[in-house]
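Structure assessment
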Amino acid sequence: MRLRVRKAAHFLERTGLALAGAACGTFVGAHVGTSFAALTTIGFLLGMIALGAIGFYLGIDIPPLPFHGADEDSRASGKIDAAEFLSAFGTFLATLAAFASVSAVVLRLNLHSVWSWLILTGWLAGVTMQITAGAIARIRRAHAH
C-alpha cells in the first residue's frame, strides 16, 4: 500500500511540475506572440505550452550520480553529471525567460524585439536542456537495471 501511495504522490508531483511548465510556456508564448505578429497563432502557443509541460515533467528532479570521494575511482570522482547540470541550467533559463515574460505582460512593458528574441531563445534553450536531461537520466536508469 505504501508503494502505491508513494507512486501516486510522485505522479502528482510530476504532474504539478508539468502544469507549472505549461503555465510558463503560456506566458512566454503570450509575450513573444505580442512582439511578433507571425507568432500569434494557436499552434505556436500550444507548442510553447507543450514544450514547457514536457520539459518541466522530464527535466526537473533528476537523480544525481552517486557521490564518489577522492579515495574512490578517480575517473568517477571528477566527473560532471551532464543530466544534473542540464536540468539545473535548463530550469534556470526557462524560469528566467518565464519570469521576464510575466513581468513584461503584467507591467505592460513594451520591450524591444531583441529582448523578446532573447526571452524566446532562453526559453527554448532551457526546455531543450530539461528534456535532454530527462532523456539522459532515463537512459541511465534503464541501463542500471
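Report follows, based on the coordinates. (Residues numbered from 1 in each chain as written. Predicted model: local features only at pLDDT ≥ 70, side-chain atom pairs only at ≥ 80, totals over all residues. Heavy atoms only, no water.)

1. A few points about the overall build of the protein chain
- Along the protein chain, the regular secondary structure elements total 5 helices and 0 strands.
- Reading the secondary structure of the protein chain in the N-to-C direction produces α-α-α-α-α.
- Summarising its shape, the C-alpha atoms of the protein chain cover approximately 55 × 40 × 25 Å along the three principal directions.
- Within the protein chain, the fraction of its 145 residues that count as buried is 32%.
- Put simply, 81% of the contacts in the protein chain that link residues at least 6 apart link residues at least 24 apart.
- For the protein chain, the accessible surface area stands at approximately 9,200 Å², while carbon and sulfur atoms represent 71% of it.
- Distance from the positive charge centre (11 side chains) to the negative charge centre (7 side chains) of the protein chain: 13 Å. (Helix = DSSP H or I, 4+ residues; strand = E, 2+ residues; numbered from the N terminus. Buried < 20%, exposed > 50% of the residue type's maximum accessible area, 1.4 Å probe, protein only. Contact = heavy atoms within 4.5 Å. Areas by Shrake-Rupley, 256 points an atom, 1.4 Å probe, with all protein chains shown as cover. Lys, Arg positive; Asp, Glu negative; His and termini not counted. Charge placed at Lys NZ, Arg CZ, Asp CG, Glu CD.)

2. A closer look at the packing of helix α1 (residues 2–35) against helix α4 (residues 82–106)
- Running from N to C, α1 and α4 point in directions that differ by 55°, and their axes come no closer than 8 Å. Relative to α4, α1 is oriented oblique. In the packing of α1 onto α4, the handedness of the crossing is left-handed. Of α4, the residues touching α1 (which contributes C24, F27, V28 and H31) are A97, A98, S101, V102, A104 and V105.
- When grouped by side-chain class, the residues that make up the contact of α1 with α4 number 8 nonpolar, 2 polar and no charged. (Axes fitted to C-alpha atoms, helices over the stretch in contact; angles between N-to-C directions. Parallel < 35°, antiparallel > 145°, perpendicular 65-115°, else oblique. Left-handed = near helix turned anticlockwise from the far one by under 90°. Nonpolar A, V, L, I, M, F, W, Y, C, P; charged D, E, K, R; others polar.)

3. A word on the environment of V114
- The topology assignment puts V114 in helix α5 (residues 113–144).
- Classification of V114 as partly exposed rests on a relative accessible area of 46%.
- In the structure, V114 is positioned 104 residues away from H10 in sequence and 39 Å away in space, judged by C-alpha atoms.

4. Things to note about the pattern of salt bridges
- Tallied over the full model, the rule gives 1 salt bridge.
- Linking D81 and R140 is a salt bridge whose minimum nitrogen-to-oxygen distance equals 2.8 Å. One end of the pair, D81, is in the loop between α3 (74–77) and α4; the other, R140, is in helix α5, and 59 residues separate them in sequence.
- Exposure remark for D81: the relative accessible area of 8% places this residue in the buried category. (Salt bridge = Lys/Arg side-chain N within 4 Å of Asp/Glu carboxyl O.)

5. Structural notes on the packing of helix α2 (residues 42–59) against α5
- Axis separation between α2 and α5 bottoms out at 8 Å; the angle between their running directions is 40°. By the angle between their axes, α2 is oblique relative to α5. Crossing angle aside, the handedness with which α2 passes α5 is left-handed. Counted together, F44, M48, L51, G52, I54, G55, F56, Y57, L58 and G59 of α2 and L120, W123, L124, V127, Q130, I131, G134 and R138 of α5 form the full contact between these two elements.
- Here the contact of α2 with α5 is composed, by residue class, of 12 nonpolar, 5 polar and 1 charged.

6. Considering the nonpolar core
- Membership of the largest hydrophobic core comes to 16 residues, with the highest contact counts inside it found for V28, V32 and W123.
- Broken down by element, the residue count for this core peaks at 4 residues, all from α5. (Core = buried A, V, L, I, M, F, W, Y, C linked by side-chain atoms within 4.5 Å.)

7. Here we look at the environment of F56
- Relative to the helices and strands, F56 resides in helix α2.
- Overall, the relative accessible area of 4% leaves F56 in the buried class.
- For F56, the residues in contact, after removing those within four places along its chain, are R14, L17, A18, A20, G21, C24, A94, T95, W123 and Q130.

Purely spatial values, then, with no claim about function.
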